[in-house]
Amino acid sequence: MTDYYNFKNIKCVIWDLDNTIWNGVLTEDISVSLKDGIAHIIKTLDSRGILNSVCSRNEYEDAVKKLKDFGIYEYFLYPQINWGNKSESVKRIAELLNISIDSILFIDDQQYELDEVKSIHPGINCLNASDYKLLPELPCVNPRFITEDSARRRQMYIDDDNRKKDEESYSGPKGKFLQSLNMQLCIKKAEEKDLRRLEELTIRTHQLNTTGRTYDYDELLGIINSDKYILLAAELNDIYGSYGKIGLVLLERKQQEIKIKLFILSCRVMNRGIGTIILNEIVKAAREASMGLSAEFVHTDRNKIMYVTLKFANFIEADTSDEEDIVILYNDLSVVNNNPPHINIITEKEWI
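A quick note: this is a predicted structure, and the numbers were derived from the prediction, not measured.

So, how was this worked out
Residues numbered from 1 in each chain as written. Predicted model: local features only at pLDDT ≥ 70, side-chain atom pairs only at ≥ 80, totals over all residues. Heavy atoms only, no water. Helix = DSSP H or I, 4+ residues; strand = E, 2+ residues; numbered from the N terminus. Rg over C-alpha atoms; globule rule 2.2 N^0.38 Å. Contact = heavy atoms within 4.5 Å. Areas by Shrake-Rupley, 256 points an atom, 1.4 Å probe, with all protein chains shown as cover. Lys, Arg positive; Asp, Glu negative; His and termini not counted. Charge placed at Lys NZ, Arg CZ, Asp CG, Glu CD. Expected span 1.5 Å × (residues − 1). Buried < 20%, exposed > 50% of the residue type's maximum accessible area, 1.4 Å probe, protein only. Domains from an automatic or database assignment. Buried area = accessible area lost by both parts, 1.4 Å probe. Salt bridge = Lys/Arg side-chain N within 4 Å of Asp/Glu carboxyl O. Polar contact = N/O pair within 3.5 Å; in protein donor to acceptor, adjacent residues only side chain to side chain. Nonpolar A, V, L, I, M, F, W, Y, C, P; charged D, E, K, R; others polar. Right-handed = clockwise from strand over helix to strand, strands pointing away. Pairing = 2+ DSSP bridges. Axes fitted to C-alpha atoms, helices over the stretch in contact; angles between N-to-C directions. Parallel < 35°, antiparallel > 145°, perpendicular 65-115°, else oblique. Left-handed = near helix turned anticlockwise from the far one by under 90°.

### Some remarks on the overall build of the protein
- In terms of helices and strands, the protein carries 11 helices and 15 strands.
- Relative to its length of 352 residues, the protein is compact, with a C-alpha radius of gyration of 22 Å against a globular reference of 20 Å.
- Along the three orthogonal principal directions, the C-alpha set of the protein runs to about 75 × 50 × 35 Å.
- The long-range fraction of contacts in the protein, counting pairs at least 24 apart against all pairs at least 6 apart in sequence, stands at 68%.
- As displayed, the protein has an accessible area near 16,500 Å², and 46% of this comes from carbon and sulfur atoms.
- Side chains of the protein give 44 positive and 56 negative charges; the mean places of these two sets differ by 4 Å.

### Things to note about helix H10 (residues 274-288)
- Helix length check: H10, at 15 residues, gives a terminal C-alpha distance of 21 Å against a target of 21 Å (1.5 Å per residue), a fit within 8%.
- Most of H10 is tucked away, with 11 of its 15 residues classed as buried.
- With its phi angle positive at about 55°, Ser290 sits one or two positions after the end of H10.

### A word on the domain arrangement of the protein
- Domain assignment breaks the protein into domain 1 (2-141) and domain 2 (179-347).
- Using only C-alpha atoms to locate each centre, domain 1 and domain 2 end up separated by 34 Å.
- Counting from both sides, the interface comprises 8 residues of domain 1 and, opposite them, 6 residues of domain 2.
- Surface buried jointly by domain 1 and domain 2 totals about 590 Å² across both partners, of which 34% is contributed by carbon and sulfur atoms.
- Across the contact surface, domain 1 and domain 2 share 1 salt bridge.
- Viewed at the interface, domain 2 and domain 1 are joined by 3 residue pairs in polar contact (both at pLDDT 80 or more).
- A class-by-class count of the residues in the side of domain 1 that touches domain 2 yields 2 nonpolar, 4 polar and 2 charged.

### With respect to the pairing of strand S7 (residues 125-128)
- Burial along S7 is two-sided: Asn125 and Leu127 facing one way and Cys126 and Asn128 facing the other are all buried.
- Tracing the backbone out of strand S6 (residues 104-108), into helix H4 (residues 111-120) and back to the parallel element S7 gives a crossover that is right-handed.

### Considering the side chain of Arg268
- Note on placement: Arg268 falls in the loop between strand S11 (257-265) and H10.
- Here Arg268 sits buried without a salt bridge, and the closest side chain of opposite charge, Asp149, lies 5.6 Å off (N-O distance).
- There is a polar contact of 2.6 Å between the side chain of Arg268 and the backbone oxygen of Tyr243.
- When sequence neighbours within four positions are dropped, the list of residues in contact with Arg268 reads Met156, Tyr157, Asp160, Arg197, Tyr243 and Ile246.

### Topic: the sheet that holds strand S4 (residues 51-57)
- An order of S5-S4-S1-S6-S7 is seen for the 5 strands of this open sheet, with the pairing classed as parallel. What marks the edges here is a single partner per strand, and that holds for strand S5 (80-82) and S7. Averaged over all adjacent pairs, the angle separating strand axes in this sheet is 20°, with direction ignored.
- As paired strands, S6 and S7 are joined by 4 bridges and run parallel to one another. Following the sheet pairing, Leu105 is matched in S7 by Asn125.
- Contacting strand S1 (12-15), S4, S5 and S6, helix H3 (residues 86-97) runs over the sheet at an angle of about 155° to S4.
- Packing of H4 onto the sheet brings it into contact with S4, S6 and S7, and relative to S6 it is tilted by some 155°.

### Description of unusual backbone geometry
- A positive phi angle, close to 50°, is found at Tyr78, a residue other than glycine.
- With respect to the secondary-structure elements, Tyr78 resides in the loop between helix H2 (60-69) and S5.
- Non-glycine residue Asn182 carries a positive phi angle of around 50°.
- Within the secondary structure, Asn182 sits in the loop between helix H7 (174-180) and strand S8 (183-189).
- Since its relative accessible area comes to 54%, Asn182 is described here as exposed.

### Comments concerning the pairing of S8
- Strand direction decides the pairing type here: S8 and strand S15 (residues 343-347), joined by 5 bridges, are parallel. Along S15, the bridge assignment pairs Gln184 with Asn344.
- Sheet topology places S8 next to strand S9 (residues 229-238); 6 bridges connect them, and they run antiparallel. From the neighbouring strand, Lys188 faces S9, where its bridge partner is Ala233.

### As for the packing of H3 against H4
- It is the contact of H3 with H4, at a shortest axis distance of 8 Å, that shows an interaxial angle of 55°. The pairing of H3 with H4 is recorded here as oblique in orientation. Considering the relative orientation of H3 and H4, their crossing is right-handed. Taken together, the residues of H4 that come into contact with H3 (itself represented by Lys86, Ser87 and Val90) are Glu113, Glu116, Val117 and Ile120.
- Grouping the constituent residues of the contact of H3 with H4 by class yields 3 nonpolar, 1 polar and 3 charged.

### A short note on the environment of Glu288
- Structurally, the position occupied by Glu288 is in helix H10.
- For Glu288, a relative accessible area of 65% translates into the label exposed.
- Once the C-alpha coordinates of Glu288 and Leu333 are considered, the two residues, 45 residues apart in sequence, prove to be 9.9 Å apart.

Okay, structure coming up:
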């Protein structure tokens, strides 16, 4: 029997429909009924910042109508309702949400479907629908804190989807569209009120993460009260709403040098050039303070894009740290890249 209590932290629960969310098979009986407590479970997950989606073999229009009749359709992002392999539908959902397969929990009543998905995606977590009532109590869907950002996570994905649709339909130059968004990036020293969300970022973010380190609330609290470290938080807003806290940078003061110990970005801003802008601002601050600048990096199978971001910001790999697998990159501060004109950048004058 699968030990559900050892699952990794889950970002999205993907539900089958027939005999999973509802009793019965929709193509055989249009009067299917919701399983006991299922709506409450879905809403509870949503309130914790856990996304929900659907992967079902059914007629799309009929299934969507039934979900709307039950009042739960709005809770499902990118539902995949078709007659194809469920492994393909799961892959599509992961791509649209820009999350890794191993952060997904797939629920189905048929062991064959669970096995088919698992055979294609070995890292996925699977739960038999007969055990669905266990779900709210599992550690993997119980984050330590419910932050303002996590409670709004589904809405932030919807906002982002609206951005993408409007961008795709925009007939003018991309730069003009980006200017129309009135994006505002605020980079500031983290305060105690920010720490719950920053802890969540270190735990949830693996792809856009320079070292893979995680910090809990108490550790972050110690960091912001230390003269040795600087913890920066980045927040992004535009005309569609707030992206929330989308990044953090942990800087270490060391004599006449500043070292980037950790740099994390939310995957939701991957294509907005935010990483380069934040690094530009750090380079400016280091040069104005006449401090050297370096960064630690640990190569993983997921974070290559962060290495490329550092390289674009003129960080050059120099040597390996005494600590295993840590690569040190230096920036000679000779070049400060221009930030794109479509983003209004707000920073505190003195970080260092």
